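Here are the chains, one letter per residue:
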Amino acid sequence: MAILPPGVSQQQFDTAINRLKSVVGDEWVFTSDADIHAYRDHFSYIKDQPNELIPCAAVGPDSVEQVQAIVRIANEFQIPLYSISTGKNFAYGGPSPNVRGSLTVDLKRMDRVLEVDDKRNFALVEPGVSYIDLYNYIQEHGLKVWVDTPDPGWGSPIGNALDHGIGYTLGPYRDHFSAHCGMEVVLPDGEILRTGMGAMPTSDSWQEYKHGFGPDPAGLFGQGNFGIVTKMGFRLMPQPEHWRNGLVTVPRRQDFIAMVDTVNYLTDLGMIGEPWYSGGLQALMTNTEFAKAANAFNEEEMDRQAIAAGLPSWRVELQFYGSEGTTLANWEYAKELMARNIPGVQFTDGESLPVPLTDEQIQKSSTPYESAMRRNITQGRPGLGIWYMTGRTDFDPNAWNETHIGLFSLVGRSGEAVFKAQRDFADISRRLEMPGFFPNALAVPVNWYQNSFLMGNGFGAAKGNSPQQKKDATKLLRRLLEENAKLGYGDYRAPPILQDDVADQYSFNNNILRRFNEKLKNAIDPNGIISPGRAGIWPEAYADLRGSLRED
Amino acid sequence: MKIKMNKLIRRAFMGLILIASSQIAIAQDSEAVARGKAKFDHSCAPCHGKGAGDDGREMLPGTYSLKIKYGDTMPAALEDRTDLTSEVISVFVRMGAWSMPPFRKTELSDKEIDDIAAYLAVSSRK
């Protein structure tokens with residue numbers, strides 16, 4: 001295939017490759033098509049197309065010194081780099097770079113768990129450590145702390161946090177970037193920076209106070225292209241002694257407003273873990289009259305049919321971490337508040353279990369109601385069980401969701417905002433003539449981030465796996481992002497093919513945020529070698545590539 | 001007589017070498033099997049292991065997918081298979097298959113794939 005970095009001759013490239021081999025050893029420089037294959041996005045919307053985001057080569061350093069040397073070589077030969085930690089991130093581009101022909105810096109070999117402290121409750125890890133690795137390390141050493149894992153859990157704490165990933169336990173830990181505490185970064189000129197108390201060589205508080213003194217640049221490295229993160233600290237949740245869950249259901253559609261307000265109150269007091277909202281009326285969608293009402297947002301008719309069927313309009317499953325006594329007290333208090341705020345609210349006690357839960361307790365929920373929770377992730381147990389969503393099913397043995405993509409928009413954390421978003425997303429989908437799934441009055445938010453709701457949209461864009469179908473879907477998604485932005489819905493994460501489009505959404509004051517970032521980028525990385533184009537931040541050296549993926 | 005003795009000694013010596021070699025091979029094999037099991041547990045079993053899914057589903061996704069693919073013609077769990085040589089495993093690991101993405105040499109080296117093959121060659125006997 002022989003893809004070269006933009007503007008680099010074959011001779012220069014060959015010389016650079018030899019230099020890289022002298023740094024990491026021949027074994028860890030990958031140039032063959034066979035080896036490069038695994039650095040392509042397995043779920044790419046532009047797979048096998050002339051513009052597919054394929055690297056020219058990959059290099060696997062084993063130390064921060066090797067990363068420094070690679071960055072210096074890249075500067076010398078003007079080769080754009082794209083760093084990956086474990087290279088997962090499927091639905092958001094996997095390991096693929098923003099610029100075709102970039103050199104992938106594969107940090108998987110830097111896989112050391114440097115420290116886990118279960119008295120001060122933190123970890124310090126390298127990029128190649130996965131959530132599964134960190135979990136295994138904690139178990140093998142008998143430590144009493146949890147990881148807050150994404151789902152699936154094969155990614156790395158560093159990679160996931162840097163892409164603003166999320167988890168499923170208590171609020172402060174679910175926002176993985178916010179839960180980081182201190183990082184080490186190789187800057188575009190090869191120098192090493194440490195943030196927070198890491199900037200003080202004698203400090204013992206690197207993983208305990210992330211602000212240090214003065215402006216904290218850590219945010220530049222999340223979804224950014226200002227350096228390669230080689231170490232990162234994380235605050236860890238101490239292992240609680242007890243876990244309990246319970247279900248709250250409300251009869252009417254409008255009850256969702258008071259339900260959300262009450263859950264917000266409990267959440268922000270630190271009394272509950274992630275609340276899992278779900279609709280109670282999905283089963284009625286096989287009824288044509290109900291489906292018509294749900295699609296038309298006919299609330300009176302929806303309420304009438306819900307009451308006739310004896311089904312609640314909304315459900316939220318609450319979970320509590322602490323002691324047996326405190327979890328019970330918090331559940332009782334949640335019930336008292338809900339009953340005070342919502343006529344007709346009902347409660348079902350869930351399970352009350354000492355932690356750690358057994359495998360059987362995790363796998364075989366005996367909660368006396370149908371639980372929407374994926375229990376392993378509520379217990380900080382990383383796994384790959386959820387990967388079923390991309391594979392074969394009994395219903396369709398040949399199913400492969402090759403168009404696996406994640407688009408979630410920020411929505412206000414209130415019932416009113418969710419109702420508005422439901423209508424807006426349905427309206428946008430209708431106007432854009434989405435070929436697949438349409439949002440309706442049953443769409444629910446996720447409360448992954450403690451202080452905000454995210455709602456998925458755009459899942460109806462993909463119709464099939466053929467190149468033309470993917471191309472059509474991509475065009476639809478670009479239009480969807482435009483329409484979302486007009487109504488105030490910004491996306492929090494995107495694959496490289498849509499990052500320019502999402503960056504366009506954040507347009508306040510003539511896109512000052514992007515212009516500010518690009519000024520910094522050009523100053524810190526004059527050759528523009530670190531992940532040009534990431535999050536729509538294009539250095540001058542590659543500015544002509546902005547929006548280039550939109551061309552066809 | 002002297003010649004006969006020399007022959008016998010030589011044969012005995014060769015026999016000892018063969019025994020020692022085979023013992024080394026067995027030891028090497030058992031080491032490869034142990035390494036392969038550890039790597040399989042770490043890198044393959046989260047999706048292709050036996051038993052229930054970590055979320056309570058009937059099977060893990062990789063095992064379930066192969067059950068659908070092969071029906072009754074082949075065991076769904078890789079550890080029950082007898083046909084997974086290094087070469088076969090390499091094709092799937094390096095190329096990916098269906099919803100399984102390809103894995104890089106930094107994640108699974110060729111030698112580690114050999115070890116996994118050594119483990120899978122004996123795992124079905126248990």
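Quick caveat: nothing in here was measured; it's all calculated off a predicted structure.

About the thresholds
Residues numbered from 1 in each chain as written. Chains lettered and ligands numbered in written order. Predicted model: local features only at pLDDT ≥ 70, side-chain atom pairs only at ≥ 80, totals over all residues. Helix = DSSP H or I, 4+ residues; strand = E, 2+ residues; numbered from the N terminus. Rg over C-alpha atoms; globule rule 2.2 N^0.38 Å. Buried ≥ 20, exposed ≤ 12 C-beta atoms within 10 Å, placed from the backbone. Contact = placed C-beta atoms within 7 Å. Pairing = 2+ DSSP bridges. Core = buried A, V, L, I, M, F, W, Y, C linked by C-beta atoms within 7 Å. Axes fitted to C-alpha atoms, helices over the stretch in contact; angles between N-to-C directions. Nonpolar A, V, L, I, M, F, W, Y, C, P; charged D, E, K, R; others polar. Parallel < 35°, antiparallel > 145°, perpendicular 65-115°, else oblique. Left-handed = near helix turned anticlockwise from the far one by under 90°. Expected span 1.5 Å × (residues − 1).

A look at the overall build of chain A
Here is step 1 of the chain: The secondary structure content of chain A amounts to 16 helices and 17 strands.
Here is step 2 of the chain: By the compact-globule yardstick of 24 Å for 552 residues, chain A fits well, its C-alpha radius of gyration being 24 Å.
Here is step 3 of the chain: Counting only C-alpha atoms and orienting by the principal axes, one finds that chain A spans roughly 75 × 55 × 50 Å.
Here is step 4 of the chain: Looking at chain A as a whole, 51% of its 552 residues are labelled buried.
Here is step 5 of the chain: Summarising the internal contacts of chain A: among those between residues at least 6 apart in sequence, 68% fall at separations of at least 24.

A closer look at the overall build of chain B
Here is step 1 of the chain: Regarding its fold elements, chain B presents 4 helices and 0 strands.
Here is step 2 of the chain: Start at the N end of chain B and walk to the C end: the helices and strands fall as α-α-α-α.
Here is step 3 of the chain: Among the 126 residues that make up chain B, the fraction classed as buried is 33%.
Here is step 4 of the chain: Taking all contacts inside chain B whose residues are at least 6 apart in sequence as the whole, residues at least 24 apart take part in 61%.

So, the pairing of strand β10 (residues 228-235) of chain A
All names here are of chain A.
Here is step 1 of the chain: Within β10, 7 of the 8 residues are buried, leaving the element largely enclosed by the surrounding structure.
Here is step 2 of the chain: Both strand β6 (residues 122-125) and β10 contribute to a ladder of 4 bridges, which runs antiparallel. Looking at the pairing, leucine 124 lines up with glycine 233 of β10.

Quick word on the nonpolar core
Here is step 1 of the chain: Counting 155 residues, the largest nonpolar core has Ile70, Ala74, Leu81, Val105 and Met259 of chain A as the members making the most contacts within it.
Here is step 2 of the chain: If near-sequence neighbours (up to four positions away) are discounted, methionine 259 of chain A is found in contact with Val248, Val250, Trp314, Val316, Ile342 and Gly415 of chain A.

Things to note about the sheet that holds strand β3 (residues 81-84) of chain A
All names here are of chain A.
Here is step 1 of the chain: Ordered in space as β1-β2-β4-β3, the 4 strands form an open sheet in which the pairing is mixed. The sheet is open, and its two edges are formed by β1 (29-30) and β3, each paired on a single side.
Here is step 2 of the chain: Sheet analysis places β3 next to strand β4 (residues 103-106), joined by 4 bridges and oriented parallel. Across the sheet, the residue bridging to tyrosine 82 is threonine 104, located in β4.
Here is step 3 of the chain: Seen against the sheet, helix α3 (residues 64-77) touches β2 (57-59), β3 and β4 and runs at an angle of roughly 170 degrees to β4.

As for the interface of chain B and chain A
Here is step 1 of the chain: On the side of chain A, 34 residues touch chain B, which itself brings 26 residues to the contact.
Here is step 2 of the chain: Sorting the residues of the side of chain B that touches chain A by element identifies α1 (2-48), α2 (61-70) and α3 (86-95) of chain B as the ones contributing at least two each.
Here is step 3 of the chain: For the side of chain B that touches chain A, the element with the highest residue contribution is α2 of chain B, accounting for 5 residues.
Here is step 4 of the chain: Residue composition of the side of chain B that touches chain A, grouped by class: 12 nonpolar, 6 polar and 8 charged.

Looking at the sheet that holds strand β8 (residues 180-186) of chain A
Residues and elements named next belong to chain A.
Here is step 1 of the chain: Reading across the sheet, the 5 strands line up as β5-β6-β10-β8-β9 and stay open at both edges, with antiparallel pairing between neighbours. With one partner strand each, in any of the chains shown, β5 (113-117) and β9 (192-194) form the two edges of the open sheet. This sheet shows a mean twist of 10 degrees between the axes of neighbouring strands, independent of strand direction.
Here is step 2 of the chain: Relative to the sheet, helix α4 (residues 131-140) contacts β5 and β6, its axis offset from that of β5 by approximately 55 degrees.

Some thoughts on the packing of helix α8 (residues 288-295) of chain A against helix α9 (residues 299-309) of chain A
Residue and element names in this part refer to chain A.
Here is step 1 of the chain: It is at 8 Å that the axes of α8 and α9 come closest, and there the two elements cross at 140 degrees. What the angle tells us is that α8 and α9 run oblique. With respect to the hand of their crossing, α8 and α9 are arranged in left-handed fashion. Contacts between α8 and α9 involve Phe290, Ala293 and Ala294 on the former and, on the latter, Glu301, Met302 and Gln305.
Here is step 2 of the chain: Residue composition of the contact of α8 with α9, by class: 4 nonpolar, 1 polar and 1 charged.

Focus on the environment of threonine 82 of chain B
Residues and elements named next belong to chain B.
Here is step 1 of the chain: Looking at the element boundaries, threonine 82 is found in the loop between α2 and α3.
Here is step 2 of the chain: Residue threonine 82 is classed as exposed on the basis of its C-beta count, with 11 C-beta atoms lying within 10 Å.
Here is step 3 of the chain: Sequence separation of threonine 82 and arginine 125 is 43 residues, and the distance between their C-alpha atoms is 9.0 Å.

A few points about unusual backbone geometry
All names here are of chain A.
Here is step 1 of the chain: The peptide bond linking aspartate 151 to proline 152 adopts the cis configuration, its omega dihedral lying at 5 degrees.
Here is step 2 of the chain: In this fold, proline 152 is placed in the loop between β7 (145-146) and α5 (157-162).
Here is step 3 of the chain: Cis geometry marks the peptide bond from valine 355 to proline 356; its omega dihedral reads 5 degrees.
Here is step 4 of the chain: Phi is positive for glutamine 78, which is not a glycine, with a value near 55 degrees.
Here is step 5 of the chain: Inspection of the secondary structure assignment puts glutamine 78 in the loop between α3 and β3.

Concerning helix α15 (residues 496-505) of chain A
Here is step 1 of the chain: Here α15 of chain A lies mainly inside the structure; 8 of its 10 residues are buried.
Here is step 2 of the chain: Buried residues along α15 of chain A sit against α14 (467-486) and α16 (508-524) of chain A.

Regarding helix α4 (residues 110-123) of chain B
Here is step 1 of the chain: Taking 1.5 Å of rise per residue, the 14 residues of α4 of chain B would be expected to cover 20 Å, and the 20 Å separating its terminal C-alpha atoms lies within 8% of that figure.
Here is step 2 of the chain: Burial in α4 of chain B covers these residues: Glu112, Ile113, Asp115, Ile116, Ala117, Ala118, Tyr119, Leu120 and Ser123 of chain B.

Some points on the packing of helix α1 (residues 10-24) of chain A against α3 of chain A
Describing two packed helices takes the angle between their axes plus the distance from one axis to the other.
All names here are of chain A.
Here is step 1 of the chain: At a minimum axis separation of 10 Å, α1 and α3 run at an interaxial angle of 165 degrees. When the axes of α1 and α3 are compared, the pair comes out roughly antiparallel. As for how α1 packs across α3, the hand of that crossing is right-handed. Of the residues in α3, those touching α1 at Gln12, Ala16, Arg19, Leu20, Val23 and Val24 are Gln66, Ala69, Ile70, Ile73 and Phe77.

Structural notes on the environment of leucine 53 of chain A
Residue and element names in this part refer to chain A.
Here is step 1 of the chain: Position of leucine 53 relative to the elements: it lies in the loop between α2 (33-36) and β2.
Here is step 2 of the chain: A tally of 27 C-beta atoms within 10 Å means that leucine 53 is categorised as buried.
Here is step 3 of the chain: Each C-alpha atom, one on leucine 53 and one on proline 496, is 8.5 Å from the other, the two residues being 443 residues apart in sequence.
Here is step 4 of the chain: Setting aside residues no more than four positions away along its own chain, leucine 53 makes contact with Asp41, Ser96, Pro97, Asn98, Arg100 and Pro496.

By themselves, these observations are geometric and do not establish any function.
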